[in-house]
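Listed below, chain by chain, are the residues.
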Amino acid sequence: MSVLEGVMVDLSVVLGSAEVPIRQILQMSRGAMIPLDRGQDDPTLVYANDELIAEGRVLVDEEVMSLEIVKIVRKPNP
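Residues numbered from 1 in each chain as written. Predicted model: local features only at pLDDT ≥ 70, side-chain atom pairs only at ≥ 80, totals over all residues. Heavy atoms only, no water.

**Quick word on the side chain of Thr-44**
Mapping Thr-44 onto the fold places it in strand 2 (residues 44-48). Judged by relative accessible area, Thr-44 falls into the buried class, the value being 6%. Non-local contacts of Thr-44, meaning those with residues more than four positions away in its chain, are made with Val-13, Val-14, Leu-15, Ala-54, Glu-55, Gly-56, Arg-57, Val-58 and Leu-67. (Helix = DSSP H or I, 4+ residues; strand = E, 2+ residues; numbered from the N terminus. Buried < 20%, exposed > 50% of the residue type's maximum accessible area, 1.4 Å probe, protein only. Contact = heavy atoms within 4.5 Å.)

**Observations regarding the pattern of salt bridges**
In total, this model carries 2 salt bridges according to the counting rule given. A salt bridge links Glu-51 to Lys-75, with the nearest nitrogen and oxygen atoms 3.2 Å apart. Highlighted residues: Glu-51 in strand 3 (residues 51-61) and Lys-75 in the segment after strand 4 (64-72), separated in sequence by 24 residues. For Glu-68, the salt bridge is made with Arg-57, and the minimal N-O distance between the two is 2.6 Å. Separated by 11 residues along the polypeptide, Glu-68 in strand 4 and Arg-57 in strand 3 bring together distant segments of the chain. (Salt bridge = Lys/Arg side-chain N within 4 Å of Asp/Glu carboxyl O.)

Here it is, written out as structure tokens:
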């Protein structure tokens, strides 16, 4: 067993974001739509511990969703 296998990483996959006033959220009902700041052709962003690490695209096969990584984001050297 590798020492890294027990390390936990908080992974987030971000399709897009929106700023919505709380009053609008409180008025929402089932089926309400919130427009996001990204389009369907824009990359999905992948964060590890709140740091951008990759870009990808969402794939859907029947009822299974997955994420294809298309670019690894490198940190600039200081």
